[in-house]
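A structural walkthrough
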Amino acid sequence: MCKCSTETALADVTALCVLSRAPCRIQILLSSSWSFLLCTELLLDPVTLHLCEPNLPGEVKWKGKDLFDLVCRTLGLRETWFFGLQYTIKDTVAWLKMDKKVLDHDVPTEEPKTFHFLAKFYPENAEEELVQEITQHLFFLQVKKQILDEKIFCPPEASVLLASYAVQAKYGDYDPNVHKRGFLAQEELLPKRVINLYQMTPEMWEERITAWYAEHRGRARDEAEMEYLKIAQDLEMYGVNYFAIRNKKGTELLLGVDALGLHIYDPDNRLTPKISFPWNEIRNISYSDKEFTIKPLDKKIDVFKFNSSKLRVNKLILQLCIGNHDLFMRRRKADSLEVQQMKAQAREEKARKQMERQCLAREKQMREEAERTRDELERRLMQLKEEATMANEALMRSEETADLLAEKAQITEEEAKLLAQKAAEAEQEMQRIKATAIRTEEEKRLMEQKVLEAEMLALKMAEESERRAKEADQLKQDLQEARESERRAKQKLLEITSKSSYTSMNSSTTALPTDLPSFNLISESLSFDFKDTDMKRLSMEIEKEKVEYMEKSKHLQEQLNELKTEIEALKLKERETALDILHNENSSRGNSKHNTIKKPQAQGRRPICI
């Protein structure tokens, strides 16, 4: 099949793959005997290519570049320098060469022949270097799959944040009415290592991912994917291709090739390199058979040599080194005309999409306002209906009240008739009482006469009482005068008594007053003792009645200590992998992938032996 007819057929392919963003499987004939099946799920997995050979003789003469360009045009991809077609042969990864025929490659013989359209080289800064949206999306799919397959180590907290951006890219803005509990149950968002490291249920993971997801509101799909890449590109294993090597002493090591340079790792530690060779410090890279040689730019530094297990591996290492070095130097030069045009188009496309998003946001806001107005009108209508219902109920109650008032009026009329009858009876009773009052008038005059006679009698009795009181006072005065006369008589009788008995008489008369006061003192003492005893008894009763009781307030229980971070509290230390421990050590020392590049030592150093 000629290229022009193939390009014509790609119009529908591009519309289905790129514009609709839907999973698709497209079979395109390359010749009378060969066709390829392009399987792309742009929202789920990277692109996979299947070559299908019918039972017809013939041979495809297409080179790797023809097939690669066909896939790129199908996807609408222009930043082709990052990508390649990968296949696997004898447990070794290989890349389709652009200048070699497809069938001349050492591809597996089984059908169909599978190629993976993947990123072969990674950017240093995804935000600055990745221009097209489709390029960003393909990188996002590939990096996400590598993290979930644990080919890139990712800490648990970063895994949750990346998962939230992946959910934002797939589902859009969070809506609690749509994205209800359990909507992520079938999604693969976290590495198995992270899930097994903590005693947490899927619901607990979903709750934490949804909490981050809700904060990304307003981000478009391409923005969420770019945020994902910006976080992922800082991971230690991002963009690094590892190869097993041996040094001259036979020590097993790992060679890492990435966008920054070459790195030598211990097989048990893929996070922190033992030594690094930045691209700008490497003069030459070559291999002879299985021996690989790295010559530093500084001639004073010794050459580093190592051996790989297979010649095919050395070829692959050299391909990656050449491609990464070319991109490294290209980044440090002015952009080519093609790249400038792509960036200009990307800026215009971004501005256009920004305007579309703003228009969409305005329309959404207007729709929300219209919905709010509609809801308000519906609420007002319901309120009016309720008011009408209440008015009808009030009218019914008024009618019932009117019926009751009419009944009460009838009862009141009957009561008025009864009251008139009772008034007539009362008038008759008043006439009878008046007649009775006339008869009692004479009795009243008799009573008044008896009262006057009683008053006269009482006046006489008062005068008699006053006279008797005066007589009593006179008798008391006479009695006092008689006693005084008796005392004077006794005094005179004592004076007449003989002189001899005068002294004894005097003593007797002296002792008499002494005894009397003594009796009075004893009486007073007894009276005092009695009062004191009574006071004591009253005091005791008062003391018994005064019972005071105060309850002591109990201390409140101390508040519980703040819970540790939920994830840390549920962490299972025994399930930590070696990479978890190494990552924690690097974090505590402040190491990162950007500050671990070590320059070889200066002149006088012996050959590097690791």
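A brief report on the enclosed structure follows. (Residues numbered from 1 in each chain as written. Predicted model: local features only at pLDDT ≥ 70, side-chain atom pairs only at ≥ 80, totals over all residues. Heavy atoms only, no water.)

Concerning the packing of helix α5 (residues 156-171) against helix α7 (residues 202-215)
Helix-helix packing is described using two parameters, namely the angle between the two axes and the distance between the axes. Relative orientation of the contacting elements α5 and α7 amounts to 65°, with a least axis distance of 8 Å. Comparing their axes, α7 and α5 come out roughly perpendicular. Handedness of the α5/α7 crossing: right-handed. In this structure, α5 uses V160, L161, A163, S164, V167, Q168 and Y171 to contact α7, whose residues at the interface are W205, R208, I209, W212 and Y213. Here the residues of the contact of α5 with α7 sort into 9 nonpolar, 2 polar and 1 charged. (Axes fitted to C-alpha atoms, helices over the stretch in contact; angles between N-to-C directions. Helix = DSSP H or I, 4+ residues; strand = E, 2+ residues; numbered from the N terminus. Parallel < 35°, antiparallel > 145°, perpendicular 65-115°, else oblique. Left-handed = near helix turned anticlockwise from the far one by under 90°. Contact = heavy atoms within 4.5 Å. Nonpolar A, V, L, I, M, F, W, Y, C, P; charged D, E, K, R; others polar.)

Here we look at the sheet that holds strand β9 (residues 261-265)
Each strand in a sheet pairs with its neighbour through backbone hydrogen bonds, running either in the same direction (parallel) or in the opposite one (antiparallel). With antiparallel pairing, the 7 strands of this open sheet are ordered in space as β10-β9-β8-β7-β13-β12-β11. In this open sheet, the two edge strands, each paired with only one partner strand, are β10 (275-278) and β11 (282-288). Each adjacent strand pair in this sheet contributes to an overall mean axis angle of 30°, direction not counted. For strand β7 (residues 241-246) and strand β13 (residues 304-308), the ladder comprises 2 bridges, and the chain directions are antiparallel. Bridging across to β13, I245 finds its partner in S308. (Pairing = 2+ DSSP bridges.)

Some thoughts on the pattern of salt bridges
Following the criterion strictly, the structure yields 22 salt bridges and no others. Here D375 and R374 are joined by a salt bridge, their closest N and O atoms 3.6 Å apart. Salt bridges sharing partners connect three or more residues here, namely E124, E129, R331 and R332. (Salt bridge = Lys/Arg side-chain N within 4 Å of Asp/Glu carboxyl O.)

Re the side chain of Q86
Mapped onto the elements, Q86 comes out in strand β4 (residues 83-89). Other than its neighbours up to four places away in sequence, Q86 contacts V93, A94, W95, T114, F115, H116 and L118.

Points about a negative patch on the surface
Together, E399, E400, D403 and E407 make up a negatively charged patch on the protein surface. Examined against the element boundaries, E400 turns out to sit in helix α10 (residues 337-496). When its relative accessible area of 49% is taken as the criterion, E400 is described as partly exposed. (Patch = residues over 30% accessible without salt bridge, like charges linked within 9 Å, V, L, I, M, F, W, Y side chains within 5 Å. Areas by Shrake-Rupley, 256 points an atom, 1.4 Å probe, with all protein chains shown as cover. Lys, Arg positive; Asp, Glu negative; His and termini not counted. Charge placed at Lys NZ, Arg CZ, Asp CG, Glu CD. Buried < 20%, exposed > 50% of the residue type's maximum accessible area, 1.4 Å probe, protein only.)

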